[in-house]
Amino acid sequence: MASASPSPSASPDVLVVGAGVIGLSIAWRAARRGLTVVLADPQPGRGASHAAAGMLTPVSELQYGEESLLRLNMDSAARYPAFAAELEEASGLPSGYRACGTLAVALDADDRAVLKDLHAFQSRLGLASTWLTSRECRRFEPMLSPAVAGGLHVEGDHQIDNRRLVAALLAACEREPGVTLRPARATALLTAGDRATGARLDDGTDVSAGQVVLAAGCWSNAVEGLPPGLLPPIRPVKGEILRLHVPDAYRPFLSHNVRGVVKGGSMYLVPRADGELVIGATENDLGYDTEVTAGGVYELLRDARELVPGVTELPLVETHAGLRPGTPDNAPLIGRTGLDGLIAATGHYRHGILLTPVTADAVAELLADGTVPDVVRPWGPARFTATTGKELSYA
Ligand code: GLY
């Protein structure tokens, strides 16, 4: 990746607006297909990609009414081992992928009823998950509280260290001669007639490109010049998240991802191989606020302690808040927009890390060959305009 800015007149095949895991992986994959790519982001990898926990858990985080999204989630999870191996080879860095499995556990009898329903739903859909008694939960994870009322083992739900993933994607782009990073914000879309032709950056330069990919998470609609209603609203959903450290003497502390249902709320603990323990996450619609609150930290630690009393012994290393990009149906926007030359890859809400491989592969195929892979076809932005044939107004 050429690190400094090329001449303002440089005209790549593709301009990617936003260098989180989605934009970075699209740039990497597209360059591997022979396209030249400029990536514009003032702080690559420092948004939701930095805040996330990296759970790759389509089965244990299954939501009612999201059966069709499940297909996309499962497809992306299945791509992860090969995607991570290829990335490690390309970057020379670890990807942070960890095939650890997931336990979903319930604190009390009401929480157990919630998980029993989830288990029945998973079974109806043919998903692999095994019901566990309290004792069986503790056989898997001895640090769980004896109060845990039961749970599920999902052997195929794993994790990736999202910060290692960002570092590896940046290094892979760095090694890819076709990718140029511009550390600047795209402020306005450039158009000619009915076609996107590039973007203006806040360093005062214009980048003209054959195609533009909008991958700016909850800031995607902030790019000036987007035709009104082209994309649905993308709301920022704040998530506070904690990082603790498990000293050598306490390891292994947890071996699986632990997703908890605690008095009706849900939270998770994600143990890394290097001793990091991620505890998340709150979920609030508070606009672009990224303040970490005492209440958010308290709730996460309170619920984590109910499930795993030993967490209070661990050093608290970091508190952080990020903004998930939420669409009206909480599903991503992947595909052509109503403006020629402009492709959306945004709105991944709670699943940006999980959906990275499928989004990157699909968008790279669309950019290089002009075809939309079947797996992402339902998730194009056109689904918000399909009934009227016109763009909707959300004003
Ligand atoms: N995917 C986990 C979260 O959004 O908190």
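Our subject is the structure listed above.
The following paragraphs examine the structure supplied in this document. Computed from a predicted model, the values in this text were never measured in an experiment.

1. Points about the sheet that holds strand β16 (residues 265-271)
Hydrogen bonds between backbone atoms are what pair the strands of a sheet, whose relative direction is either parallel or antiparallel.
Phase 1 of the analysis: Spatial strand order, β6-β7-β5-β15-β16-β17-β14-β18: eight strands in an open sheet with mixed pairing. Here the strands that pair on one side only, and so sit at the sheet edges, are β6 (130-132) and β18 (316-326). Between one strand and the next, the sheet's axes are offset by a mean angle of 20 degrees, whatever the strand orientation.
Phase 2 of the analysis: Taken together, the five bridges between strand β5 (residues 102-106) and strand β7 (residues 150-154) define a ladder with antiparallel strand orientation. Opposite L103, over in β7, you have H153 as the bridge partner.

2. Thoughts on the site of the ligand
Phase 1 of the analysis: The environment of the ligand is formed by Y268, A281, R324 and R350.
Phase 2 of the analysis: With respect to the ligand, the side chain of R324 contributes an N or O atom lying 2.7 Å from an oxygen atom.
Phase 3 of the analysis: For the ligand, whose accessible area on its own is 200 Å², the fraction buried by protein is 88%.
Phase 4 of the analysis: Of the residues in the shell around the ligand, the class split is two nonpolar, no polar and two charged.

3. Focus on the sheet that holds strand β3 (residues 55-56)
Phase 1 of the analysis: If you walk across this open sheet you meet the three strands as β3-β8-β4, and the pairing is antiparallel. Each edge of the sheet is formed by a strand with only one pairing partner; in this case those strands are β3 and β4 (97-98).
Phase 2 of the analysis: Alignment of β4 against strand β8 (residues 158-160), held across two bridges, turns out to be antiparallel. Opposite R98, over in β8, you have Q159 as the bridge partner.

4. Overview of the packing of helix α1 (residues 21-32) against helix α8 (residues 356-369)
Phase 1 of the analysis: It is the contact of α1 with α8, at a shortest axis distance of 8 Å, that shows an interaxial angle of 45 degrees. With respect to α8, the element α1 is oriented oblique. The element α1 and its partner α8 pack so that their crossing is right-handed. Seen from α1, the contacting residues are V21, I22, S25, I26, R29 and A30; seen from α8, they are T356, T359, A360, D361, V363, A364 and L367.
Phase 2 of the analysis: Grouping the constituent residues of the contact of α1 with α8 by class yields eight nonpolar, three polar and two charged.

About the thresholds
- Residues numbered from 1 in each chain as written.
- Predicted model: local features only at pLDDT ≥ 70, side-chain atom pairs only at ≥ 80, totals over all residues.
- Heavy atoms only, no water.
- Pairing = 2+ DSSP bridges.
- Helix = DSSP H or I, 4+ residues; strand = E, 2+ residues; numbered from the N terminus.
- Axes fitted to C-alpha atoms, helices over the stretch in contact; angles between N-to-C directions.
- Near = heavy atom within 4 Å.
- Polar contact = N/O pair within 3.5 Å; in protein donor to acceptor, adjacent residues only side chain to side chain.
- Areas by Shrake-Rupley, 256 points an atom, 1.4 Å probe, with all protein chains shown as cover.
- Nonpolar A, V, L, I, M, F, W, Y, C, P; charged D, E, K, R; others polar.
- Parallel < 35°, antiparallel > 145°, perpendicular 65-115°, else oblique.
- Left-handed = near helix turned anticlockwise from the far one by under 90°.
- Contact = heavy atoms within 4.5 Å.

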